[in-house]
Amino acid sequence: MTTSHNGLGEPRGPDFQSAAGPYAAPPPEIPPALAGPKAPSRWGRIVGAGVLIVAVSAGTGGLAGWYAGGADESGTATVTRAAPAPDAPPGSLVSVAEQVRAGVVSVQAPRGGRTATGSGFVIDDRAHIITNSHVVAGASSVTVTGADGTRRNATVVGTDPSNDIAVLRVEPSPGLHALVLGRSADVRVGEQVLAIGSPLGLAGSVTSGIVSAVDRQARIGGSQQSAVQTDASINPGNSGGPLVNSRGEVIGVNTAIATFEGGGSIGVGFAIPIDRAASVAERIISNSR
């Protein structure tokens, strides 16, 4: 298997892994409606004629009523609507996504006439943000956009290219909430996870999957390192965003994916374990004081 390396940010950086080899999608199934007509039965012809008669004799209002749930005596169509959905129960993926998105930002880093787009997340009440080093490397300036849509200027506190971790800082704001960091030792194969970030610049995108492996070797920061593997969809722009568990705890920093010939996600993504990422971030913040 040969590999090429392209980043998850835009433009592509060093940690976008490629697994070469032929890939052919299976032919799509033909929907029954397109598979060819069946000869109608005598009863089918009678029922069909009845529908046509109702629609034509009732006019437009009758046709709408026939398919939308009926019509009252005045000919006005009535439509059945569902009752308002209940609030998402605590611990559900919907609840976790709502809880976590307020702490996730889209990162914009102009360089060389282009703007790299990545992701990041707030880790403390001083509005320090973890992202990937390759997202902000060489940037002339950095801005972040939160879930509230506000763009903020960010300071690069420091970077660690060998671990592909960078720390940014913005002015604290009620629109930014620090996420809870989990523990790498508690991560289990098979547990549900969400990847949150800005794939292809689509800010606030949420994808779901499971933990596929907890100690997978992947190329991170230019060397082979232990990573959390997941099948949650991760694409360019997800770099630096959080991988969170069903309790809303960050268990990894999304960093790299394996692809066929440089394509998009094939369900093999890699995240820097949160214990290592947090340790690097704490060192960067401490050294900046």
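Residues numbered from 1 in each chain as written. Predicted model: local features only at pLDDT ≥ 70, side-chain atom pairs only at ≥ 80, totals over all residues. Heavy atoms only, no water.

### Overview of the overall build of the protein chain
- A tally of regular secondary structure across the protein chain gives 4 helices and 14 strands.
- A total of 289 residues make up the protein chain; the buried ones form 42% of that total.
- At a minimum sequence separation of 6, the contacts of the protein chain that also span at least 24 residues come to 60%.
- A total accessible area of about 15000 Å² is found for the protein chain, and carbon and sulfur atoms account for 56% of it. (Helix = DSSP H or I, 4+ residues; strand = E, 2+ residues; numbered from the N terminus. Buried < 20%, exposed > 50% of the residue type's maximum accessible area, 1.4 Å probe, protein only. Contact = heavy atoms within 4.5 Å. Areas by Shrake-Rupley, 256 points an atom, 1.4 Å probe, with all protein chains shown as cover.)

### Some details on the pairing of strand β11 (residues 223–230)
- Sheet topology places strand β10 (residues 205–220) next to β11; 7 bridges connect them, and they run antiparallel. Opposite A213, over in β11, you have Q229 as the bridge partner.
- Between β10 and β11, which pair antiparallel one after the other, the connecting turn spans 2 residues, and G221 there sits at a positive phi close to 65 degrees.
- Here β11 runs beside strand β14 (residues 269–273); their pairing, made up of 3 bridges, is antiparallel. (Pairing = 2+ DSSP bridges.)

### Overview of the sheet that holds strand β2 (residues 104–111)
- Pairing within the closed barrel is antiparallel, and its 6 strands lie in the order β2-β3-β4-β7-β6-β5. Adjacent strand axes in the sheet meet at a mean angle of 40 degrees, parallel and antiparallel pairs treated alike.
- Here 5 bridges tie strand β6 (residues 151–160) to strand β7 (residues 165–169), and the two strands are oriented antiparallel to one another. In the sheet register, T159 faces β7, and the bridge partner there is A166. (Axes fitted to C-alpha atoms, helices over the stretch in contact; angles between N-to-C directions.)

### Observations regarding the nonpolar core
- If you look at the biggest cluster of nonpolar residues, it comprises 28 residues, and the most contacted ones within it are V100, F121, I130, I165, V244 and V253.
- Within the residue set of this core, elements represented by two or more residues are α2 (93–101), β7, β9 (192–197), β10, β13 (249–259), β14 and α4 (274–287).
- Examining the composition of this core, we find that 6 residues originate from one element, α4, more than from any other.
- Not counting residues up to four positions away in its chain, the partners in contact with I165 are I130, T131, S133, T159, D160, V253, I272, A277, V280 and I284. (Core = buried A, V, L, I, M, F, W, Y, C linked by side-chain atoms within 4.5 Å.)

### What to know about the confidence of the model for the protein chain
- On average, residues of the protein chain score 81 in pLDDT, and 74% of them are at 70 or above.
- Taken together, the stretch residues 1–7 has pLDDT below 50 and engages in 28 contacts with residues farther than four places along the chain or on a different chain.
- Across residues 39–69 the pLDDT falls below 50, and counting only partners more than four positions away or on other chains, this stretch makes 14 contacts in the model. (pLDDT = per-residue confidence, 0-100.)

### Side note on the pairing of β13
- Most of β13 is tucked away, with 10 of its 11 residues classed as buried.
- As paired strands, strand β8 (residues 180–181) and β13 are joined by 2 bridges and run parallel to one another. The partner of L181 across the bridge, within β13, is V250.
- One ladder, built from 3 bridges, connects strand β12 (residues 242–245) with β13; its direction is antiparallel. Bridge pairing in β13 places P242 opposite V253.
- Counting the residues in the hairpin turn of β12 and β13 gives 3 residues, including G248, whose phi is positive at 80 degrees.

### So, α4
- The terminal C-alpha atoms of α4, which comprises 14 residues, lie 20 Å apart, in line with the 20 Å expected from a rise of 1.5 Å per residue.
- Among all positions of α4, only I274, A277, A278, V280, A281, I284 and I285 are buried. The buried residues of α4 occupy an angular sector of 165 degrees when projected down its axis, which confines them to one face. Seen from the open side of α4, the exposed residues pointing more than 90 degrees away from its buried face are E282 and N287. (Expected span 1.5 Å × (residues − 1). Arc of directions from axis to C-beta.)

### Focus on unusual backbone geometry
- Phi at A127 takes a positive value of approximately 65 degrees, unusual for a residue other than glycine.
- If you trace the backbone, A127 turns up in the loop between β3 (114–122) and β4 (128–131).
- Judged by relative accessible area, which is 4%, A127 ranks as buried.
- With a phi angle near 55 degrees, L200 is a residue other than glycine that sits in the positive phi range.
- By secondary structure assignment, the location of L200 is in the loop between β9 and β10.

### Brief notes about the environment of R188
- Following the sequence through the fold, R188 ends up in the loop between β8 and β9.
- Separated by 40 residues in the primary sequence, R188 and V228 have C-alpha atoms spaced 9.9 Å apart.
- Once residues within four sequence positions are removed from consideration, R188 is found in contact with V211 and V214.

### Concerning the pattern of salt bridges
- Taken as a whole and assessed by the stated rule, the structure comprises 4 salt bridges.
- R283 is the partner of D160 in a salt bridge, and the nearest nitrogen-oxygen pair spans 2.6 Å. Taken together, the positions of D160 in strand β6 and R283 in helix α4 put the pair 123 residues apart, joining distant regions of the chain.
- The partner of R247 in a salt bridge is E249, and the shortest N-O contact between them spans 3.2 Å. (Salt bridge = Lys/Arg side-chain N within 4 Å of Asp/Glu carboxyl O.)

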